[in-house]
Amino acid sequence: MTAPLPVRPPDPPGEPAPTLSKAPAEAASGTPSGVPAQRRPSRLLAPLRETGKLFALGLAVARAIFRRPFQLREFIEQFWFVASVTILPAALVSIPFGAVIALQVGSLTQQLGAQSFTGGASVLAVIQQASPIIVALLISGAAGSAICADLGSRKIREELDAMEVMGVSPIQRLVVPRVLATMLVAVLLNGLISVVGTLGGYFFNVIMQNGTPGAYLASFSALAQLPDLYVSELKALIFGFIAGIVAAHRGLNPRGGPKGVGDAVNQSVVITFMLLFFVNMVLTAIYLQIVPAKGG
């Protein structure tokens, strides 16, 4: 014999009967009825948001450079690290760059009957264009990737969140010394690459193309001027700043744990390359419009 099923007491008069299920639209969206659902951020605006965050980080770093206390020890350590991973590759890469430019320009000037201007043309190409580009590639590829990986690993281990809880700014403590280190190393590397590339171009032009040493040096002094070196150093300084900011931005915003850190490193290198080539084009166009050519 089975026990009788319990009977639910009737609802009091005037009260609505409870609903057992949500409306299909409400159940799908998870938003109560009568409340407008929030719009999801558009994927088309994601690049604009990332660009805005990148510029905001750059402004924050520029303001934090002049604040105290300055992390001198961290800056020295980062400077030594960036210099140690870029000096030897810079010297080795600048030799074939200078050689290729000297050989190509020498061949072209020989066809035009102006072989005496080989030295000036090749040296200007090395100092104004090749040297800052080599610095940008090395700083972003070697130093920038290491900076991005370091900051990204700290982020997923929640070290940066712990610093913020303790009242320590990660930008002031970690980002500013790294950005300043990349800028200073970039300027110094630019001078090294200019010298090594010029010597490499001189050697290949004189030895392999039977050029005259006196004509090489005379054409260099006839076409080159001091602002050419100034704009080269300025490019290297700006490229170092951009490489450091992009690496720090991607390192501070990884997605998806350790795999996200690796993706952020790849993204930082690609984004830096694209920005550097664009900025180099803009700076070169501005320089050629402002500074007149020597003898022009």
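Above this note sits the structure.
Residues numbered from 1 in each chain as written. Predicted model: local features only at pLDDT ≥ 70, side-chain atom pairs only at ≥ 80, totals over all residues. Heavy atoms only, no water.

**A word on the overall build of the protein**
- What the protein contains, in helices and strands, is nine helices and zero strands.
- The linear arrangement of helices and strands in the protein, starting from the amino end, is α-α-α-α-α-α-α-α-α.
- Of all 296 residues assigned to the protein, the portion counted as buried reaches 38%.
- A separation threshold of at least 6 residues defines the contact pool for the protein, and within that pool the share at least 24 residues apart is 84%. (Helix = DSSP H or I, 4+ residues; strand = E, 2+ residues; numbered from the N terminus. Buried < 20%, exposed > 50% of the residue type's maximum accessible area, 1.4 Å probe, protein only. Contact = heavy atoms within 4.5 Å.)

**Quick notes on the side chain of threonine 272**
- Position of threonine 272 relative to the elements: it lies in helix 9 (residues 258-290).
- Owing to a relative accessible area of 2%, threonine 272 belongs among the buried residues under this scheme.
- Not counting chain neighbours up to four residues away, the residues in contact with threonine 272 comprise Ser140, Ala243 and Val246.

**Topic: the environment of isoleucine 271**
- Relative to the elements of secondary structure, isoleucine 271 occurs in helix 9.
- On the basis of relative accessibility, which here comes to 32%, the residue isoleucine 271 falls in the partly exposed class.
- Along the chain, isoleucine 271 and serine 140 lie 131 residues apart, while their C-alpha atoms are 9.5 Å from each other.
- Ignoring anything within four residues of it in the chain, the contact list for isoleucine 271 reads Val246 and Arg250.

**With respect to helix 6 (residues 170-208)**
- Helix length check: helix 6 (39 residues) gives 53 Å between terminal C-alpha atoms against 57 Å at 1.5 Å per residue, within 8%.
- Of all the bends found along helix 6, the most pronounced is centred on valine 176 and spans about 30°, while proline 177, a proline, follows it within four residues.
- Residue asparagine 210 follows helix 6 closely and has a positive phi angle near 55°. (Expected span 1.5 Å × (residues − 1). Bend = angle between axes of the 7 residues up to and from the residue.)

**Comments concerning unusual backbone geometry**
- With an omega of 0°, the peptide bond running from arginine 68 to proline 69 counts as cis.
- Considering the arrangement of structural elements, one finds proline 69 in the loop between helix 2 (46-64) and helix 3 (72-112).
- With a phi close to 65°, glutamate 158 is a non-glycine residue in the positive phi region.
- Its location among the elements puts glutamate 158 in the loop between helix 4 (118-156) and helix 5 (159-165).
- On the basis of relative accessible area, glutamate 158 is assigned to the exposed category, the value being 53%.

**Concerning the packing of helix 3 against helix 6**
- Two numbers describe how helix 3 lies on helix 6: the axes approach to 7 Å, and their chain directions differ by 25°. With respect to helix 6, the element helix 3 is oriented roughly parallel. In this structure, helix 3 meets helix 6 at a crossing whose hand is right-handed.
- Counted by class, the contact of helix 3 with helix 6 contains 23 nonpolar, seven polar and three charged residues. (Axes fitted to C-alpha atoms, helices over the stretch in contact; angles between N-to-C directions. Parallel < 35°, antiparallel > 145°, perpendicular 65-115°, else oblique. Left-handed = near helix turned anticlockwise from the far one by under 90°. Nonpolar A, V, L, I, M, F, W, Y, C, P; charged D, E, K, R; others polar.)

**A word on the pattern of salt bridges**
- Inspection of every chain in the model, using the stated rule, returns nine salt bridges.
- Of the charged contacts in the structure, one is a salt bridge between arginine 73 and glutamate 77, with a shortest N-O distance of 3.4 Å. Residue arginine 73 and its partner glutamate 77 are both found in helix 3; the two are separated by four residues, about one turn of the helix.
- Judged by relative accessible area, arginine 73 falls into the exposed class, the value being 69%. (Salt bridge = Lys/Arg side-chain N within 4 Å of Asp/Glu carboxyl O.)

**Digging into a nonpolar patch on the surface**
- A cluster of nonpolar residues, Phe278, Met281, Val282, Ile286 and Ile290, forms a patch on the protein surface that exposes about 500 Å² of accessible area.
- Tracing the sequence through the fold places isoleucine 290 in helix 9.
- In this structure isoleucine 290 comes out as exposed when scored by relative accessible area, which is 62%. (Patch = residues over 30% accessible without salt bridge, like charges linked within 9 Å, V, L, I, M, F, W, Y side chains within 5 Å. Areas by Shrake-Rupley, 256 points an atom, 1.4 Å probe, with all protein chains shown as cover.)

**A look at the environment of leucine 174**
- Within the secondary structure layout, leucine 174 lies in helix 6.
- A relative accessible area of 3% places leucine 174 in the buried class.
- It is 9.8 Å that separates the C-alpha atoms of leucine 174 and isoleucine 147, two residues lying 27 residues apart in sequence.
- Setting aside residues no more than four positions away along its own chain, leucine 174 makes contact with Glu74, Leu151, Arg154, Leu160 and Met163.

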